[in-house]
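Analysis of the macromolecular model
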Amino acid sequence: MEGRCCPLAQYGYNRDGKRGKLQIVYGLLCAADGCPVAIEVFEGSTADPMTLTSQVSKLKERFALDHVVLVGDRGMITQARITEDLSAAGLDWITALRAPAIKALRDAGALQMSLFDERDMASITSPDFPGERLIVCRNRALAAERARRREELLAATERELARIAAAVARKRQRRRGAAAIGLKVGAVLDQHKMAKHFTLDIADSRFGFARKREAIAAEAALDGIYVVRTSLPATVLDDAATVRNYKSLSLVERAFRCLKSVDLQIRPVYHWLADRVRAHVFLCMLAYYLEWHMRQRLAPMLYDDTDKDAAQAQRASVVAKAERSSAAVTKQTTGQTEDGLPVHSFRTLLADLATLTRNTLVTAIDPERSFTLSARPTALQQKALDLLGLARTQ
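Remember, it's a predicted structure, so these values are computed and weren't measured experimentally.

**Let's talk about helix 4 (residues 140-169)**
An α-helical turn contains 3.6 residues, so any two residues separated by three or four positions project in the same direction. Helix length check: helix 4 (30 residues) gives 43 Å between terminal C-alpha atoms against 44 Å at 1.5 Å per residue, within 8%. Those residues of helix 4 lying buried are Ala 143, Arg 150, Leu 153, Leu 154, Ala 156, Thr 157, Leu 161, Ile 164, Ala 165, Ala 167 and Val 168. The elements touched by buried residues of helix 4 are helix 5 (178-192), strand 7 (198-203), strand 8 (206-211) and helix 6 (213-220). Between the side-chain oxygen of the N-cap and the backbone nitrogen of Ala 141 there are 3.2 Å, and the N-cap of helix 4 in question is Asn 139.

**Some points on the pairing of strand 8**
Sheet analysis places strand 7 next to strand 8, joined by 6 bridges and oriented antiparallel. Residue pairing across strands places Phe 198 opposite Arg 211, the latter belonging to strand 8. In textbook terms, the turn of a hairpin is the stretch between consecutive antiparallel strands, and for strand 7 and strand 8 this stretch comprises 2 residues.

**Structural notes on the packing of aromatic side chains**
For the coordinates displayed, the defined rule picks out 2 aromatic pairs. One aromatic cluster in this structure is built from Phe 198, Phe 207 and Phe 209.

**Here's the deal with the nonpolar core**
Within soluble globular proteins, side chains that are nonpolar tend to cluster in buried spots. Core analysis: the biggest nonpolar cluster contains 25 residues, and Met 1, Leu 8, Ile 24, Tyr 26, Leu 28, Val 277 and Val 281 have the highest contact counts within it. The set of elements that each furnish at least two residues to this core consists of strand 1 (24-30), strand 2 (36-43), helix 8 (249-262) and helix 9 (274-298). Top contributing element to this core by residue count: helix 9, with 7 residues. Those residues in contact with Val 277 that lie beyond four places of it in its chain are Met 1, Cys 6, Leu 8, Ile 24, Val 269 and His 271. Core analysis: the next-biggest nonpolar cluster, separate from the first, contains 15 residues, Cys 137, Tyr 226, Leu 237 and Val 319 among them.

What counts, and at which threshold
- Residues numbered from 1 in each chain as written.
- Predicted model: local features only at pLDDT ≥ 70, side-chain atom pairs only at ≥ 80, totals over all residues.
- Heavy atoms only, no water.
- Helix = DSSP H or I, 4+ residues; strand = E, 2+ residues; numbered from the N terminus.
- Expected span 1.5 Å × (residues − 1).
- Buried < 20%, exposed > 50% of the residue type's maximum accessible area, 1.4 Å probe, protein only.
- Contact = heavy atoms within 4.5 Å.
- Polar contact = N/O pair within 3.5 Å; in protein donor to acceptor, adjacent residues only side chain to side chain.
- Pairing = 2+ DSSP bridges.
- Phe/Tyr/Trp six-rings, centres within 6.5 Å; stacked < 30°, edge-to-face > 60°.
- Core = buried A, V, L, I, M, F, W, Y, C linked by side-chain atoms within 4.5 Å.

The following block contains the structure:
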C-alpha cells in the first residue's frame, strides 16, 4: 500500500520481505481448474488461516453448493480451522502435514520407510488423526535434490566455521572473547540456516564445532516425503486423485502470481478509501477472470500444454515431476504451432494483437464526412480472433 490513511492498511507478515510497508491481505477463491470465483480484502494484519471462515460462508450461503471440498496448504487449513470452521460447516478438505507431524508419524511407527520399497505412495491411518486418510508420498527426485542441497550448505558452513577456528587458534593476532567469536559464528549459521546441524564449543580462547550426524541422518530419512491429509473417504476419491487435487494448488498460485506481478499488477495500491481499495482488487480479479478464459481458448497458440492426458500418461508416478506432452515439447522446440504459425506467450500475443488498428478517416473530396477503416489482420491475428470467437469489425 502507498500512503498511510487507508483503514485496511496495517503492518503484518510480509510474504515478499518488504519490511516497513503497510499492506492489505486478500483471499482468492478458485475452482478446481484455477478459474477465479470470489475475492475478499482483509486488513493487512490478518493471518492467512483467519481468512478461511469468510470463504466457508461464501460457499455455503452465496453459492448454495451441496458438497464442497476445500483444498489448501498447511498454513491455511490448520487443525484449528478444521475443528472450528470446516467440520462445523460440514465441509470436506484436503491439506498436508507439517514436518514435525511427519516425524511424529515415523517415530510412532505409523509411517514405515519399507512402504516405499516398491511404490511411491501409500495410504495409512493413525490414531492421532481419527477418521482421516493419510496418503504418504515419496518423491525420489526431490529427495536427491534436498540431499544435495543440504550437503552443499553443510560444506559451506564448515568452510566458514573453519576460518573462524583458524583465527582463534593462530599464534599472532588471535581472535579472543566468547562474545566476539559467537557473533562471527552466529552470522555464518544465520546465513546458511544450518545451526540445528552443528554442535559448538565457544570459549574466550577456544572454538570448536562438529556435525550432529544423527540429527542429519534423521532429517535425511524424511527427504522427499510428504503426507496429504483429507477427510474424504477412499470411496469418494482415491489416493492418486487426492494427491493430484492437492497439487492443483499450483493453479491458485498462478492466479496470485498473475495478480501480483506478471500481467495485472494489483500493486502498488494508491487508493486510500476502503471501498475503493476493495473495488480495485475486485477489478483485478475480473481482469484475471477474463485472462483465464482467454488463455483457455488461445492455448493452441501459446506455449501451454493442450494435451494434459498425454502428459499425465508419461509420468512414472503421480508424485513424480510433471511432464509435458510430446505435442507441447514439439511446439516449444520448433517455435511453431501445428498450422505453422509462431508460438507466443500470452503477453507477446496480446502485443501482436495490439497492432490491429481502427482508423477514422476523411477524404479531400468530402472532408465533412468521416468513415472507419479497420486494419486487415494477419494470419496469426485472424487465428487468435477465431479462437476467441470475435468477428472483425469494419
